[in-house]
Amino acid sequence: METDVIEQLTEATSLLARRNAALEDFAVLAAHELKTPLNAALVADDPRQSVREALALVESLLDAARAAGDPSAPASPAAVLDEVLRDLDPKGLHVVSELPDSFPLPGPALRVLLRNLVRNAVAAGARSIRVYAAQCAGRWTLAVDDDGVGLESDGYSSGSGVGLGLTRRLAGQYGGEVELAPRAAGGTRALVALGAAA
């Protein structure tokens, strides 16, 4: 009996330590990412754009916090992409999507991932993006291909930077990883790969 209680306490303590470490990491990420637009606002003649970026970062961070550990059913990626495009309202962006009926992530998490990947493509000057997802050999992938300036250009990293860091951290919570690669035709492919299909 005492052994069971000790094991339960040990497990609970371990879980609490992992959650505290994740919260600490998240707080460090938030502080680091907010410094860039806020510092830019301090030196800008017109700080409004930098303040808007900071507010967008706060919104992304809050969405990510709400998404963490959400046990809801897998999301409809087409519906989530529509929400993201309404939120961002990217002027002049042509979007093509090839998405399945569901994807093994909760809606809030998928929304944060897609919003940050699309925002990065727009910040890179993309005029056209293709968003697609597929399952193969027990792995799910979600990709955003863009025709922007590409990884080699300073223009790709001209945004706030929260998109990639937050996307990697959030994907990792679901056993996934994020990779960026140059496209042969120019631009960038952002790929989210998840382990086992749900």
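Because the structure is a prediction, the values reported are computed rather than measured. (Residues numbered from 1 in each chain as written. Predicted model: local features only at pLDDT ≥ 70, side-chain atom pairs only at ≥ 80, totals over all residues. Heavy atoms only, no water.)

S.K.: Explain the nonpolar core here, please?
M.R.: Here is a general trend for soluble globular proteins: nonpolar side chains tend to be buried in one another's company. With 29 residues, the main nonpolar core has F103, L110, L114, I129, V131, L142 and V192 as its most contacted residues. Contributions of two or more residues to this core are made by helix 3 (77–88), strand 3 (103–106), helix 4 (107–123), strand 4 (128–136), strand 5 (139–146), helix 5 (162–173) and strand 7 (188–194). Here this core takes eight residues from helix 4, the largest share from any one element. Excluding residues within four positions of it along the chain, I129 makes contact with L93, H94, V95, V96, V118, A121, V144, D145 and D146. (Core = buried A, V, L, I, M, F, W, Y, C linked by side-chain atoms within 4.5 Å. Buried < 20%, exposed > 50% of the residue type's maximum accessible area, 1.4 Å probe, protein only. Helix = DSSP H or I, 4+ residues; strand = E, 2+ residues; numbered from the N terminus. Contact = heavy atoms within 4.5 Å.)

S.K.: Teacher, can you tell me more about the sheet that holds strand 6 (residues 176–182) here?
M.R.: The strands making up a sheet are joined through hydrogen bonds of the backbone, oriented either antiparallel or parallel. Taken together, the five strands give an open sheet; going across it, the order is 2-4-5-7-6, and neighbouring strands pair in mixed fashion. Whereas interior strands pair on both sides, the edge strands pair on one side only; in this sheet they are strand 2 (94–98) and strand 6. Between one strand axis and the next, the sheet turns by 15° as a mean value, whatever way the strands run. Inspection of the sheet shows strand 2 paired to strand 4 by five bridges, in the parallel sense. When the sheet's bridge partners are listed, H94 is paired in strand 4 with S128. (Pairing = 2+ DSSP bridges. Axes fitted to C-alpha atoms, helices over the stretch in contact; angles between N-to-C directions.)

S.K.: Explanation requested: the environment of A75 in the structure shown.
M.R.: Position of A75 relative to the elements: it lies in strand 1 (residues 74–75). Sequence separation between A75 and L105 is 30 residues, and the spatial gap between their C-alpha atoms is 6.0 Å. Beyond its immediate chain neighbours, meaning those up to four positions away, A75 contacts V80, D101, S102, F103, L105, P106, G107 and L110.

S.K.: I'm lost on the packing of aromatic side chains in this one. Help?
M.R.: The geometry of an aromatic ring pair comes down to the distance between the two centres and the angle between the two planes. Inspection of every chain in the model, using the stated rule, returns one aromatic pair. One residue, R130, lies across the ring of Y132, its end atom 3.9 Å from the ring centre. (Phe/Tyr/Trp six-rings, centres within 6.5 Å; stacked < 30°, edge-to-face > 60°. Lys NZ or Arg CZ within 6 Å of the ring centre and 35° of its normal.)

S.K.: I keep staring at the environment of A143 and nothing clicks. Help me out?
M.R.: Position of A143 among the secondary structure elements: in strand 5. According to the relative accessible area criterion, A143 is buried, its value standing at 1%. Linking A143 and V131, residues twelve residues apart in sequence, is a C-alpha distance of 5.7 Å. Those residues in contact with A143 that lie beyond four places of it in its chain are R130, V131, Y132, A190 and L191.

S.K.: Help me understand the pairing of strand 4 in this model?
M.R.: Each regular strand displays side chains that alternate between the two surfaces of the sheet. As paired elements, strand 4 and strand 5 share eight bridges and run antiparallel to each other. Following the sheet pairing, I129 is matched in strand 5 by D146. Taking the residues that link successive antiparallel strands as the turn, the strand 4-strand 5 hairpin has two residues, and the phi of A137 there is positive, at about 50°.

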